[in-house]
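Tertiary structure, described
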Amino acid sequence: MNAQRVRVKSAARDYSVYVGEKILPQGLQSHLPPKVPVAMLVDEGIAALPLTLAIFAWLEKRASRVVRVRIPAGERSKSVEEYGRVVRQLAGAGLTRDGWIVAVGGGVTGDLAGFVAATYLRGLPVIQIPTTVVAMVDSSVGGKTGIDLPEGKNLVGAFHPPQAVLADLRWLESLPPAERRAGMAEVLKYGAIADSKLFASLAKGPPRSMRKVVKRCVEIKAKLAGEDERDLKGKRALLNFGHTVAHGLEGIVGYEGLRHGEAVAIGMVVAAHLSVKARRFKKKAAEKLKAAIRAHGLPVTHPELRWDRLSPVMARDKKATTQGIRWVLLKKIGKADLVSGVTEKKIQMALEEVREGKLPKG
Ligand SMILES: NC(=O)c1ccc[n+]([C@@H]2O[C@H](COP(=O)([O-])OP(=O)(O)OC[C@H]3O[C@@H](n4cnc5c(N)ncnc54)[C@H](O)[C@@H]3O)[C@@H](O)[C@H]2O)c1
């Protein structure tokens, strides 16, 4: 198998993420026991791709039976209704306790399938096969699974680490350019919070090869998630840089109007402005971040960046405590920390600056 491997520490059991080309379907061999029943949950948008069909054919030979469940493309599938439909389909098909889940798709399918795996029959093992940039560098690694509620994103979920993650870069060949760009927002995020070299290598635009980039992001995620699996020590929370505003925006525009990565790009710009206001981050560095986001064809502003619109949604952010929202702010490119007590006035000012395309004021 032509792949690089990253180990992820987890209280339940450590596991590996494989990044490379031509990993699938053979890579499943070392992780999926023979003759077990398998439910393959696959994003409908990629159900007919040759690689998907090859995985299905391989599973049909290896497993005692394969239940194929198609997940409609889009964030709407991370819903209580779709979750109910999937678990009922598994129950209806008689998937038993020795069953395994194989999740094939982007972050939506991975998060939903992971949550199904965490809860159906009180938990089945899951193998994650991420097919988007976001899923490869972020959502498939670290064991967070979940669904959205109309009240907010990812409000219901479970920690359920996978048995393995198989990130075959060939999926990216069929990924629409807009999805690829959106994924690069999460990649830039890793550079901004943890690796100035990675950031510098991406500052002028997309990389020539994704292999190194994906592996480096997975390493960073593995480190932060490994040190703080349950998101209790403020380390894993750094991965939410840009996400407080992003989740707020997604909540307002109904999850469908904006890709997650696009929302994160805008959220990172707001967080950078806020970092300047907290007198910790240089204005020049904030401009650098914005320029890099632009260089990847990602948005840096949005008309809904308004406190009155965002604050009710942001108050339900998972990082919010009874003391209010905790923000991930930058000290410099490559170094972030979690900050509470940011005043409402500063947030309002940062939102206004970004909405109106102004430079950050300290
Ligand atoms: N669990 C976590 O730690 C975590 C981390 C980051 C993001 N997320 C979640 O991930 C979700 C976003 O994931 P996403 O950006 O992958 O979006 P997505 O899963 O909606 O996929 C985006 C689109 O790409 C299509 N697609 C997927 N793979 C393809 C391929 N190889 N070729 C062609 N088309 C393909 C899909 O059909 C879909 O239309 C959000 O719900 C977010 O909350 C979770």
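Residues numbered from 1 in each chain as written. Predicted model: local features only at pLDDT ≥ 70, side-chain atom pairs only at ≥ 80, totals over all residues. Heavy atoms only, no water.

Re the overall build of the protein
Regarding its fold elements, the protein presents twelve helices and eleven strands. Compactness check: the protein gives a C-alpha radius of gyration of 20 Å against a globular reference of 21 Å for 362 residues, within 12% of the reference. If one aligns the C-alpha atoms of the protein with their principal axes, the spans along those axes are about 65 × 40 × 35 Å. Of all intrachain contacts in the protein linking residues separated by at least 6 positions in sequence, the fraction that spans at least 24 positions is 74%. As displayed, the protein has an accessible area near 15,300 Å², and 51% of this comes from carbon and sulfur atoms. (Helix = DSSP H or I, 4+ residues; strand = E, 2+ residues; numbered from the N terminus. Rg over C-alpha atoms; globule rule 2.2 N^0.38 Å. Contact = heavy atoms within 4.5 Å. Areas by Shrake-Rupley, 256 points an atom, 1.4 Å probe, with all protein chains shown as cover.)

What about the site of the ligand?
Among the 25 residues in the neighbourhood of the ligand, the closest are listed as E75, G107, T131, T132 and S174. Between the ligand and E75 there is a distance of 2.6 Å, counted from an oxygen atom to a side-chain nitrogen or oxygen. Taking T132, its side chain carries an N or O atom lying 2.6 Å from an oxygen atom of the ligand. For the ligand, the accessible surface in isolation is 870 Å², of which the surrounding protein chains cover 88%. (Near = heavy atom within 4 Å. Polar contact = N/O pair within 3.5 Å; in protein donor to acceptor, adjacent residues only side chain to side chain.)

Some words on the sheet that holds strand 6 (residues 126–130)
Across the sheet, seven strands lie side by side as 1-2-9-6-5-3-4; this open sheet has mixed pairing. The open sheet has two free edges, formed respectively by strand 1 (3–8) and strand 4 (65–71), since each of these has just one partner strand. Neighbour-to-neighbour, the strand axes of this sheet turn through a mean angle of 15°, independent of strand direction. Relative to strand 5 (residues 100–105), strand 3 (residues 37–43) runs parallel, the two sharing five bridges. Looking at strand 5, one finds that M40 is bridged to V102. Relative to strand 4, helix 2 (residues 80–92) is tilted by about 165°, and along the sheet it contacts strand 3, strand 4 and strand 5. (Pairing = 2+ DSSP bridges. Axes fitted to C-alpha atoms, helices over the stretch in contact; angles between N-to-C directions.)

Observations regarding the domain arrangement of the protein
For the protein, the domain assignment lists domain 1 (3–173) and domain 2 (177–355). With centres defined by C-alpha atoms, the gap from domain 1 to domain 2 works out at 26 Å. If you look at the interface, domain 1 gives 34 residues, while domain 2 gives 30 residues. Where domain 1 abuts domain 2, roughly 3,000 Å² becomes buried across the two surfaces, and 61% of that area is made up of carbon and sulfur atoms. By the criterion of area lost to domain 2, the three top residues of domain 1 are V137, K153 and F159, representing 21% of everything that side buries. On inspection of domain 1 and its partner domain 2, the count reaches five salt bridges. Salt-bridge contacts for D138 lead to K189; the nearest nitrogen and oxygen are separated by 2.9 Å. The tally of links from domain 1 across to domain 2 stands at eleven residue pairs in polar contact (both at pLDDT 80 or more). Elements that contribute at least two residues to the side of domain 1 that touches domain 2 include exactly strand 1, strand 2 (15–20), helix 4 (133–139), strand 7 (144–149) and strand 8 (152–159). (Domains from an automatic or database assignment. Buried area = accessible area lost by both parts, 1.4 Å probe. Salt bridge = Lys/Arg side-chain N within 4 Å of Asp/Glu carboxyl O.)

With respect to the pairing of strand 5
With six of its six residues buried, strand 5 lies for the most part within the structure. The side-chain alternation of strand 5 yields two buried faces, one formed by W100, V102 and V104 and the other by I101, A103 and G105. With five bridges joining them, strand 5 and strand 6 adopt parallel strand pairing. Within strand 6, the position partnered with V104 by the bridge is I129. (Buried < 20%, exposed > 50% of the residue type's maximum accessible area, 1.4 Å probe, protein only.)

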